[in-house]
Amino acid sequence: MKILDKYVAKSFMTGYAIAFCVLVGLRIIIDLFVNIDEFTEHADLGTFAVFRNILSYYVLHTTLYFRDFAGMITVVAASFSFGRMVRNSELVAVMASGVSLKRVIAPIIILSLLLTGLLVIDQELIIPPLADKLVRGQDALPGQETYNVWFIADANGSLVCTQKFDVKTSTMYKPTIIIRKKMPDSASWKVTGQLKADTGVYNIKTKKWDLANGQFVSTGFNMGPEAKDFYASDITPRDIPVRRRAGHKTLLSWPQLAALAAQGPKVKDLAQLFSQMHFHITEPIINLVMLMVCLPILVCRDPKSMKSAVMISFAATTACFITTFVCKMLATEVVFFDKVIPELWAWLPIFIFLPVAFIELDSMKT
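Since this is a predicted model, take the numbers as computed values, not measurements.

Caption draft 1: Local environment of helix α9 (residues 306-330). A rise of 1.5 Å per residue sets the reference length of α9, with its 25 residues, at 36 Å; its end C-alpha atoms lie 36 Å apart and thus fit the reference within 8%. Among all positions of α9, only Met 306, Ala 309, Ser 313, Ala 316, Thr 317, Cys 320, Thr 323, Thr 324 and Cys 327 are buried.

See below:
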């Protein structure tokens, strides 16, 4: 690695660290300011317990904040790096030595690729195992959460409901499980019975739910209730907090989303799953495209034009960010051809801004 590469890489990583601390820290401060009253609902446990709850909450949620701000952090870091070089007229000296400015931005592109890999690791390997903890509200203590559950479909096609699920004891109170069977050569399901119990406790050894006073009632005629001691399902206590709401599925990895899609849920849910699966692939690419769009604008030689270059680059980055946000909203809606096309909306920001990035790189004055 040449001295110039080391210098540019060091400047970029310094800006990256500063941008990460500023953006993520600002996100934490705003959230804490808005929800401080919910954190203090358990003030009777003492100041230390409240502080520990706040600390554990935001340490875990930093993984989400990094996922959401990774693209913007990279752009801010690049602006910081080149702004410093332009202010000190270093790019003029580099060009005078015969080095192309495209060669100058190469270390930043390489580092951005490595940081995108870190984003993928965070999205696919770090967040999914923490998903059940990341859905915890600010007013709940770790391990003491309770949730109501309505119509979670398992791999058997059955729908699981319970008025109260206790995370600490892995217990469902008054669970009702609607047993279904998929009709042959059809996408519809037929209800074959209903399973009720006083409680359902998850057994780690058998990987089944042990039922207290479990009673299965078939939909067939002249069929009395049948006693059931357990219910076998792929749903575990860690799955329930995540799958109880559709918005929480963004915390799942790509293989987990694919497994849910294979179960054949409703069309609206299926479109949402496919949308999230494709955005899992396209979001890291979009972050790189955002950087490629802003880099040629930032590489200017005149310090007087640096402010306008920064504003234009942030405007282009914001346009890409807003376009991606709008595409996420439209991915599950019927917009064109009377069909839901989540694949189109997931890749649309890349189709729009990647050619812009190539045009800007080609027109750079190096």
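Caption draft 2: Structural detail: the pairing of strand β7 (residues 208-218). Note that strand β5 (residues 189-196) and β7 share four bridges and pair antiparallel. For Leu 195, the partnering residue across the bridge sits in β7 and is Phe 216. The sheet contact formed by strand β6 (residues 199-203) and β7 spans five bridges and is antiparallel. Among the inter-strand pairings, Thr 199 is bridged to a residue of β7, identified as Ala 212.

Caption draft 3: A look at the nonpolar core. With 51 residues, the main nonpolar core has Phe 12, Phe 82, Leu 91 and Val 104 as its most contacted residues. The set of elements that each furnish at least two residues to this core consists of α1 (3-39), α2 (47-87), α3 (90-96), α4 (101-126), α8 (267-298), α9 and α10 (342-362). Residue contributions to this core peak at 14 residues, all from α2. With residues up to four places along the chain from it excluded, the contact list for Phe 82 reads Leu 91, Val 104, Ile 105, Ile 108, Leu 295, Leu 298, Val 299 and Met 306.

Caption draft 4: Representation of the side chain of Arg 243. With respect to the element layout, Arg 243 can be found in helix α6 (residues 239-243). Asp 234 provides the closest opposite charge to the buried, salt-bridge-free Arg 243, at an N-O distance of 4.2 Å. A polar contact of 2.3 Å, which involves the side chain of Arg 243, links it to the backbone oxygen of Ala 153.

Caption draft 5: Inspection of unusual backbone geometry at higher detail. Not every positive phi belongs to a glycine, and Ser 170 is a case in point at roughly 55 degrees. Relative to the assigned elements, Ser 170 resides in the loop between β2 (159-166) and β3 (171-173). The class for Ser 170 is buried, based on a relative accessible area of 18%. At Lys 174, a residue that is not glycine, the phi angle is positive and equals roughly 55 degrees. Its relative accessible area of 52% is what places Lys 174 among the exposed residues.

Caption draft 6: Region of interest: the confidence of the model for the protein. Confidence along the protein averages 83 in pLDDT terms, with 93% of residues attaining 70 or more. Predicted confidence in the protein is weakest over strand β9 (residues 334-336), with a mean pLDDT of 70, and strongest over β3, with 90.

Caption draft 7: Broad picture of the environment of Leu 291. Position of Leu 291 relative to the elements: it lies in helix α8. Each C-alpha atom, one on Leu 291 and one on Ile 29, is 26 Å from the other, the two residues being 262 residues apart in sequence. Dropping the residues within four chain positions of it, Leu 291 is found in contact with Thr 74, Val 75, Ala 78, Ile 108 and Ser 112.

Caption draft 8: Fine view of the packing of α1 against α4. Running from N to C, α1 and α4 cross one another at 50 degrees; their axes reach a closest spacing of 9 Å. Between α1 and α4, the angle is such that the two are oblique. For the element pair α1 and α4, the recorded crossing hand is right-handed. In this structure, α1 contributes Leu 4, Asp 5, Val 8, Ala 9, Phe 12, Met 13 and Tyr 16 to the contact, and α4 contributes Arg 103, Val 104, Pro 107, Ile 108, Leu 111, Ser 112 and Leu 115. Residue classes in the contact of α1 with α4 are distributed as eleven nonpolar, one polar and two charged.

Scoring rules and cut-offs
Here, residues in each chain are numbered from 1, in the same order as that chain's written sequence. Where local features are concerned, this predicted model is filtered to residues with pLDDT of at least 70; where side-chain atom pairs are given and counted, the filter is 80 or more; whole-chain, interface and lining totals use all residues. Where side-chain values are given, they derive from all heavy atoms of the structure, hydrogens and water being excluded. Numbering of helices and strands runs from the N terminus; a helix is a DSSP stretch of H or I covering at least four residues, while a strand is a stretch of E covering at least two. To estimate the expected span of a helix, subtract one from its residue number and multiply by 1.5 Å. Accessibility here uses a 1.4 Å probe with only protein chains present; expressed as a share of the type maximum, an area under 20% marks a residue as buried, one over 50% as exposed, and anything in between as partly exposed. Criterion used throughout: strands pair if DSSP finds at least two bridges between them. Working definition of a nonpolar core: buried Ala, Val, Leu, Ile, Met, Phe, Trp, Tyr and Cys residues. They are joined through side-chain atoms within 4.5 Å. Throughout, a residue-residue contact means that at least one pair of heavy atoms, one from each residue, lies within 4.5 Å. We count Lys and Arg on the positive side and Asp and Glu on the negative side, and we leave His and both chain ends out. Any Lys or Arg side-chain nitrogen found within 4 Å of a carboxyl oxygen on Asp or Glu counts as a salt bridge. Here a polar contact is taken to be a pair of N or O atoms separated by no more than 3.5 Å, where protein atoms must pair a possible hydrogen donor with a possible acceptor and residues adjacent in sequence count only if both atoms sit in side chains. pLDDT expresses how confident the predictor is about each individual residue, on a scale running from 0 to 100. Here an axis means a line fitted to C-alpha atoms, over the contact stretch when the element is a helix, while the angle between two N-to-C directions is reported on a 0 to 180 degree scale. Here roughly perpendicular refers to angles of 65 to 115 degrees, roughly parallel to angles under 35, roughly antiparallel to angles over 145, and oblique to all remaining angles. For any pair of crossing helices, the crossing counts as left-handed if the nearer helix is rotated counterclockwise from the farther one by less than a right angle, and right-handed if it is rotated clockwise. In this classification, Asp, Glu, Lys and Arg are treated as charged, Ala, Val, Leu, Ile, Met, Phe, Trp, Tyr, Cys and Pro as nonpolar, and every other residue, Gly included, as polar.

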